[in-house]
Amino acid sequence: MVDEQILTAFIHKSLPDAPLSVYNIFDVLGVEAKEVVMCRFLTDLLHPEGQHGCGILFLKSFFQDILKESRISDTLLAHTNVVSEFTIDHGRRIDIAIYNTRFFIPMEVKIYAGDQEGQCYDYFEYAKTKSVDGNTKIIYLTLSGKEPAECSRKAKDRDELLPKERIMCISWQRDVCKWLTKMLDQLKEPVKMMVMQYIDTINRIADQEDDRIMDKNLEILYQSVDYFSAGLQIERSMKAAKLRLIRLVFDDFKVEMDQIAPKYGLELEKNYNYYSYDDVKRHERFYDDDGSTYPGLNYVITKAVFHNRSVQMWFRIEVEHNLYAGISLFDTEAGPQQGYLKGYEVENISDELLEEAAGFLDRDIIMPEGWWLTWCYPNRKHRDDYYVDVPDFKEMNECAVRLADAQERVDFVKRAVTVFEEELLKYLL
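Student: Before we go on, may I ask you to explain the packing of helix α4 (residues 57–65) against helix α8 (residues 172–183) in this structure?
Tutor: When two helices pack together, their arrangement is given by the angle between the helix axes and the distance between those axes. One can describe the packing of α4 onto α8 by two numbers: an axis separation of 11 Å at closest approach and a directional angle of 130°. Considered as vectors, α4 and α8 are oriented oblique to each other. Seen along the crossing, α4 lies across α8 with a hand that is right-handed. Together, L57, F58, S61, F62 and D65 of α4 and W179, L180, K182 and M183 of α8 make up the contact between the two elements.

Student: How should I be thinking about the pairing of strand β9 (residues 323–331) in this particular structure?
Tutor: Consecutive side chains of a regular strand alternate in pointing toward one face of the sheet and then the other. Counting buried residues in β9 gives nine out of nine residues, a clear majority hidden from the surface. Residues L323, A325, I327, L329 and D331 point to one face of β9 and Y324, G326, S328 and F330 to the other, with burial holding for every one of them. The pairing of strand β8 (residues 311–319) with β9 spans nine bridges and is classified as antiparallel. Looking across to β9, one finds that V319 is bridged to L323. The antiparallel pairing of β8 with β9 creates a hairpin that spans three residues between the two strands.

Student: Please explain the packing of helix α10 (residues 225–260) against helix α14 (residues 406–423) as it appears in this structure.
Tutor: Packing of α10 against α14 leaves a shortest axis separation of 9 Å and a crossing angle of 50°. As summarised for this structure, α10 and α14 are arranged oblique, according to the angle between their axes. Along this stretch, α10 crosses α14, giving a crossing that reads as right-handed. On the side of α10, the interface is formed by L245, L248, V249, D252, F253, E256, M257 and I260, while α14 contributes R409, V410, F412, V413, K414, A416, V417, F420 and E421.

Student: Mind showing me how you'd approach the environment of D411 here?
Tutor: In this fold, D411 is placed in helix α14. Engagement of the side chain of D411 in a polar contact is seen with the side chain of Q407, the distance being 2.9 Å.

Student: Help me out: how do you make sense of a nonpolar patch on the surface in this one?
Tutor: A grouping of L218, Y222, F228 and L232 is seen on the molecular surface, where their side chains present a nonpolar patch of about 400 Å² in accessible area. Secondary-structure assignment places F228 in helix α10. Using a relative accessible area of 36% as the deciding quantity, one classes F228 as partly exposed.

Student: Please clarify how the state of the cysteines should be interpreted in this entry.
Tutor: In protein structure, a disulfide is the covalent linkage between the sulfur atoms of two cysteines. Tallying each qualifying case throughout the model produces zero disulfides. Between C169, a free cysteine, and C120, which holds the nearest cysteine sulfur, the sulfur-to-sulfur gap is 8.2 Å.

What counts, and where the lines are drawn
Residues numbered from 1 in each chain as written. Predicted model: local features only at pLDDT ≥ 70, side-chain atom pairs only at ≥ 80, totals over all residues. Heavy atoms only, no water. Axes fitted to C-alpha atoms, helices over the stretch in contact; angles between N-to-C directions. Helix = DSSP H or I, 4+ residues; strand = E, 2+ residues; numbered from the N terminus. Parallel < 35°, antiparallel > 145°, perpendicular 65-115°, else oblique. Left-handed = near helix turned anticlockwise from the far one by under 90°. Contact = heavy atoms within 4.5 Å. Buried < 20%, exposed > 50% of the residue type's maximum accessible area, 1.4 Å probe, protein only. Pairing = 2+ DSSP bridges. Polar contact = N/O pair within 3.5 Å; in protein donor to acceptor, adjacent residues only side chain to side chain. Patch = residues over 30% accessible without salt bridge, like charges linked within 9 Å, V, L, I, M, F, W, Y side chains within 5 Å. Areas by Shrake-Rupley, 256 points an atom, 1.4 Å probe, with all protein chains shown as cover. Salt bridge = Lys/Arg side-chain N within 4 Å of Asp/Glu carboxyl O. Disulfide = S-S within 2.5 Å.

Written as structure tokens, this is what we have:
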């Protein structure tokens, strides 16, 4: 067993320090102050009179999609100013300031720089004097969406601390990229191309930061045998932790599904345990090299009664790599496979079965694929692709990692079940 002090020291030394410089498109342009340029480009996008020529389009969608604020009138947005490097008291400069006659929103942007003493506190105090609605907040934009350090939230000359609920933490990659990508269909050239390059630049910076942290951790691992042993202990623990996280997610899905299952005639499937997440021993191999074990949650759609009574229509929530849900066909009398004692999925949906299934499910949404009649991701997408806003439990993308927080997990599951209702279950006849 590795000594606890050694393990703690290893984890402490693994924490990232200030990011290294990374290559991106702005280097090609000969620009060295990358943070400044990233802010200035974002500032121009948000400004109603920016050189993009799109008026309030970017600013309005920013408020709606990122700040979750839709009550601001177009007139007020058109009369909103957006300025970079906004100077306040004592020579401090707010990276981006969004203000009009009703509110002042400071945005602190971090890519390379660290937190400064009293920075967020001072920005918030200044914003309070310029806002009239009493709901002042500061936006804190970083690569990962992390919170500012306590030194930034604390007043320099006293013990007063800026409450966390007054800070809206957003991520370049998770929030800004998602927002801008959603807007691409509304943009025309050359603005569309420039925004695409900006998105690509953000992703390059984020990917390079991940590589830098990996290199730093590797350096630490080889500093001593004890650190290497600590790393192995963490590796073993993390596999168990990730498997437990998947089970916790499904536990929350089961709770949420209990609220809507009677409405759609769904009964929790208990007879076949087919790739059920409850089969703990089977899913211990989820992170091995021999492929996914597909943990999932199965419900029988009781009102779907086929001529061949061995065929059942199921609603299933599943993890392959990404999490998704769909409606499928299961044959209770099929020859057992994959180590199961009875029953198997309908491997090929015949035309006859398809037509019969259309008596229980709107034919317009049926697109057979294997045993699936239809399916979708929790972001409403039906195309098989990779999405940053869908949890990937193999790669443990940021969306999956955030589910380790109990409240984040509950909120995600509630949103996902709503999507699955609207995209799948409401089409049951």
